[in-house]
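# Observations on chain architecture
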Amino acid sequence: QIAQALVVNQVRLLRKRRANKRMDTLMMAVETRPKKSSSASVMSNQIRDMRQKMEEDEETSLMMQALRGQNMNDDDRQGEGISMQLIEMATMKDSELPMRYDPQALKDYFNKRPGAVAKRITQIGSTSFGLLLGLFQDFISGNVEKAQVKRAAELRKVLVSLGPFFIKLGQALSIRPDVLSPRAMTELQQLCDKVPSFDSEIAFAYIQNELGIDDISQVFSAITPEPVAAASLGQVYRAVLKNSGETVAVKVQRPFVLETVSLDLFLIRALGETLRTLGLAERFDIVELLDEFATRFYDELDYVIECQNGERVLREMQKLPNVKIPKNYPQLTTRRVHVAEWVEGEKLSQSKAADVSELVELGVVTYLTQLLDTGFFHADPHPGNMLRTNDGQLCILDFGLMTVITEDQKFGMIEAIAHLIHRDYERIGEDFVKLDFIPPNVDTRPIVPALGRVFDAALQGGGAKSINFNELAADLAEITFSFPFRIPPYFALVIRAIGVLEGIALVANKDFAIVDESYPWIARKLLTDPSPRMREALRYMVYGNSKRFDADRLVDMLQALERFQNVKEITSRHDDIHPGNLAPRALPGGSTSTALSNAIVPLQTIPQQSDSASAREALKFFFGKDGVLFRDFLLDEVVASLDAAARSAYRPSGNSRVDEFLRKLAPELDDDDRTSLSNAGILYQFFLDSRRGPTLSGVQRAGQSLGINPQTIRTLAPLLLEHRAELRLFSAQIFAKLAEKQIGRTLGAFVDVIAPLPPSPRNLPGTATS
C-alpha cells in the first residue's frame, strides 16, 4: 500500500493533465482526524475503504487493475502472423559466451563480433521503424496521449518480434503507471509470451546432446512429436520415462536465445552508459536497473537453477496441504533441458470448478508463506503458473524467477507494519533505510512531518470529505523527490507478485485485503520467534511508545494465531465445511474483532469454532511448546494484575495504627494498577470465554461464580491436565514473583516501624524557613 501511494503520486507529478481527476478521487476517500494508534483490523478497513473509493474513477480503476495484472494474457498460443527474430552466431575458438552475467565479459565477447552487433541493430531499427515514425507524428501533432493505446498495441507486436529480452521488457512496462497511461498498460498486458515453436528435430538433437545419449528412446519410451506449448525461451514436450513409466514435461531451450539476450543486454547497457556519461541518469539509472534485471534473467536461462529452485520449493511447501509442486529430475536436467513431473489439470483462471475460490485463497497463503516464513519467493506469479489439478489441488509451476528475502528484510517488514499500526512515523522513516528504500547515512528526520501527513490522510478511510490535494501532493513530492527514494529490486518483485495475487484474489472475494491475509503470519512470527529482534518487536506491538500494556492488541494477535492454526487443519481436511458458519468473536465491552474477518481462506469455508473451542485453542498455544516465549512475556503482566486485584480487596480495620501498617503492605491502586486490572479482565474473558450457562454443581458452580461457563470448564479440564507440568511451573513463577513483591513490602513496613526515618530538619519545631 505504501508503494502504491508513492506510485500514484509519481503518476500525478509526471502526468499532470490526467492525474488531477484520479488523485482528487483518492482525496475524496480520506478525512483528517487526530493521529492515533490503530489495530490491524482498523488499518485493513481503512485501506479497503480507500481502495473502493479510488476505483470509482474509471482511470484509477484501470490503473489498479494493471498494477494487479488483471489483464494479463495467459493464452496458450500467440496470434497469427507473429514471428521472433534471433541472432545466429558461430562459435569462435578464442572466446566463449559467458554463462553468467558479466558486463565486461559481454563487452569483450561482442567487440569481436561487429557483424552480429550490426545485424541486431538493423533488426531492431527495421522492426521498430514504423512505431517510431508513428510516435514522432503523434508528438508533432500533439496527439501523444490520444494515440497511446494504438501505439501500445503496435509496441506489443514489435516486442514479440524482437525476442525474449524485449518481451520481458514489455511485461515490466505493463505495470509501470509512471511510464504508460492506464489504458496503454492494459493494452500492453495483452502481450503474450507464446510464440511459434521451432523444429522438433532440432529440439530432439538438443536433448540428445545435452543428456549425452545417442537416441532419445534411451531415456523416454514415448514423447509427443510436436511441442504441447511454446514460449519465447523454450518449448515443452510431454514424454514418458523409460525406466519408471512416469509422465514428465520436457522443456527445451530455444536455439540462440542466450546469444540474442546477451547481445540485447550489451546494446542496452551501452545506451545506459552513454546516458550516464551525459548526466541523464540521476534518478533513473538504466545501467543499475539492467544489471539487477540481467542477473535474474540469466538465472531464468539456466534450467539447472530452475530445477534446484523447484526442489527447494517442494521441500519448503510440504507443510501446506493441498499445494502441489511438481517433482524435478535433476539427473535429467541440464542448462538447456529441464525434466519435471507432468501434472494433469486446468488453469486456475479458466477453471469453473466449485472450489476455485478456495484454491485462489490457498495460493495467497502459499505466497505469503514464502514471503514471511521460508524467505524463498516465487517472483513470477500469473494465472498461467497456477493450475487446478484433477484431484482438486493447487499446482504452482515455473520456478525460473525467484528472489531471496533475507531475515533482515523479513524482520524489517514486520517492524514496519508494527510502526505503521502505531503511527510511529519517525521509526517508519528509519524502516525505509533498513529496507533499502533510502540509502544508509541519510538523515530521515526532516521527512517525518510529511510522512505523518501522508499516512494520516491515507489511513483514515471510509470518509468522503475532501482534503487539500495540493498540500498532500507536495508532501508526497517531498518524500519521493526531495530524498533519494527508490524501490529496491527485491521489493519491486514482491510488489509485483503481491499485486498480481491481489488481483486474482479480488475476483473470488471483493473484500480481500492483503493486510488481513498477512496478519496471521505476522502474529505467529511475533509470538513464537525467539530472536531478540522479534522479542523487541512483540514488546513494541503490545506496548507501543506509551510503555503501557495493550490487551486488546494482544487479543488481536492471539486471534490471528488461532486463525493460522485453524487454516493448517482446514486445508488438510475438507469435511464439515458449509457456507455462512464463521462469525467474529465477541470481545469485552461488546466489540468484535474483525482483523481477520477475511484472512487466509474465504469466510464461508472455515467452520465456526464454539467459544470453548476457541478458548481451548488459545490456552493450548499458551501452555504448549510454542507458547514458552509468550508465557515469559506475559508473566510480569499476570503478576501485576494479581497483585493489584489482591490490594484492591483491602478494607480498613478501623484501627488507625493497624491500617497504617497494612496500607504499606497493600498500597492504594494507581492508574497503572487500574490498567492492569482492566487488561486482566480482557485476557480473562478471551482465554476463558466467560458466559453464563446452565447451573451445575460442585466445581462447576464455583467456576460459574467466577463468570466461567460450566461447558468451558468441562472442555478445558483435559487440556489443563495435559499441560499440568507447564501449568505448575507457570503458577510457581507467578507465586514466586508475588512473594518477592510482598516480601519487599513487608520488610519495608517493618523497617519503618522499627527504625522510622527521622523527620526532615525543615519540619523540626523552631526551625527557621527562608
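The following refers to the structure shown.

Calculation criteria
Residues numbered from 1 in each chain as written. Predicted model: local features only at pLDDT ≥ 70, side-chain atom pairs only at ≥ 80, totals over all residues. Heavy atoms only, no water. Helix = DSSP H or I, 4+ residues; strand = E, 2+ residues; numbered from the N terminus. Buried < 20%, exposed > 50% of the residue type's maximum accessible area, 1.4 Å probe, protein only. Contact = heavy atoms within 4.5 Å. Areas by Shrake-Rupley, 256 points an atom, 1.4 Å probe, with all protein chains shown as cover. Expected span 1.5 Å × (residues − 1). Bend = angle between axes of the 7 residues up to and from the residue. Axes fitted to C-alpha atoms, helices over the stretch in contact; angles between N-to-C directions. Nonpolar A, V, L, I, M, F, W, Y, C, P; charged D, E, K, R; others polar. Phe/Tyr/Trp six-rings, centres within 6.5 Å; stacked < 30°, edge-to-face > 60°. Lys NZ or Arg CZ within 6 Å of the ring centre and 35° of its normal. Patch = residues over 30% accessible without salt bridge, like charges linked within 9 Å, V, L, I, M, F, W, Y side chains within 5 Å. Salt bridge = Lys/Arg side-chain N within 4 Å of Asp/Glu carboxyl O. Core = buried A, V, L, I, M, F, W, Y, C linked by side-chain atoms within 4.5 Å. Pairing = 2+ DSSP bridges.

Another point: the overall build of the protein. What the protein contains, in helices and strands, is 29 helices and eleven strands. The proportion of buried residues among the 770 residues of the protein is 52%. Sequence separation of at least 24 residues holds for 73% of the intrachain contacts in the protein that already meet a minimum separation of 6. In the structure as shown, the protein presents an accessible area of about 36,100 Å², 55% of it carried by carbon and sulfur atoms.

On to helix α24 (residues 628-648). Here α24 spans 30 Å end to end across 21 residues, near enough to the 30 Å set by a 1.5 Å rise per residue. The principal kink in α24, of about 40°, is found at Leu 634.

The subject of this paragraph is the packing of helix α7 (residues 148-162) against helix α8 (residues 164-173). Each packed pair of helices is defined by two parameters, the angle between the axes and the distance between the axes. Running from N to C, α7 and α8 cross one another at 145°; their axes reach a closest spacing of 6 Å. Note on element contacts: α8 touches α7 through Pro 164, Phe 166, Ile 167 and Gly 170, opposite Leu 159, Val 160 and Leu 162. Within the contact of α7 with α8, the residues separate by chemical class into six nonpolar, one polar and no charged.

It is worth spelling out the packing of aromatic side chains at this point. According to the stated counting rule, one finds 16 aromatic pairs in the structure shown. Pairing Tyr 109 with Phe 110 gives two aromatic rings, centres 5.0 Å apart and planes at 85°, and the pair type is edge-to-face. The exposure class assigned to Tyr 109 is buried, which follows from its relative accessible area of 5%. The ring of Phe 376 carries Arg 312 above its face, with NZ or CZ at 3.9 Å from the centroid. Cation over ring: Arg 336 sits above Tyr 206, and NZ or CZ is 4.1 Å from the ring centre.

A cluster of nonpolar side chains, namely Phe 129, Leu 133, Phe 136, Phe 139, Ile 140 and Val 144, defines an oily patch on the protein surface of about 660 Å² accessible area. Relative to the assigned elements, Phe 129 resides in helix α6 (residues 114-141).

Within the largest apolar cluster, 89 residues are counted, with the highest numbers of intra-cluster contacts made by Leu 526, Leu 527, Phe 549, Leu 554, Met 557, Phe 630 and Phe 687. Among the elements that take part in this core, helix α14 (residues 356-374) stands out by supplying ten residues, more than any other. Leave out the neighbours within four places in its chain, and Phe 549 touches Val 542, Tyr 543, Leu 554, Phe 633, Leu 634, Glu 637, Thr 675, Asn 679 and Leu 683.

Attention now moves to the environment of Ser 648. Structurally, the position occupied by Ser 648 is in helix α24. Separated by 19 residues in the primary sequence, Ser 648 and Pro 667 place their C-alpha atoms 8.9 Å from one another.

Read from one edge of the open sheet, four strands run β5-β10-β9-β7, paired in mixed fashion. The outermost strands of the open sheet, each flanked by one partner alone, are β5 (323-324) and β7 (345-347). As paired strands, strand β9 (residues 386-389) and strand β10 (residues 394-396) are joined by three bridges and run antiparallel to one another. When the bridges of β10 are listed, Leu 387 appears paired with Cys 395. Its contacts with the sheet place α14 against β5, β9 and β10, and it is angled at close to 45° to β10.

Here we take up the environment of Ile 325. With respect to the secondary-structure elements, Ile 325 resides in the loop between β5 and β6 (337-341). Ile 325 sits in the buried class, given a relative accessible area of 5%. On a C-alpha basis, the gap between Ile 325 and Glu 341 in space is 9.0 Å, while along the polypeptide they are 16 residues apart. The residues touching Ile 325, leaving out its near neighbours within four places in the chain, are Gly 310, Val 313, Leu 314, Met 317, Glu 341, Ile 396 and Phe 399.

Looking now at the pattern of salt bridges. Enumeration over the complete set of coordinates arrives at 29 salt bridges. Here Glu 341 and Lys 324 are joined by a salt bridge, their closest N and O atoms 2.9 Å apart. Pair noted here: Glu 341 is in strand β6 and Lys 324 is in strand β5, with a separation of 17 residues, a long-range link. Between Asp 443 and Arg 445 there is a salt bridge, with its nearest N and O atoms 3.0 Å apart. One network of salt bridges, with partners in common, ties together Glu 407, Lys 410, Lys 525 and Asp 529.

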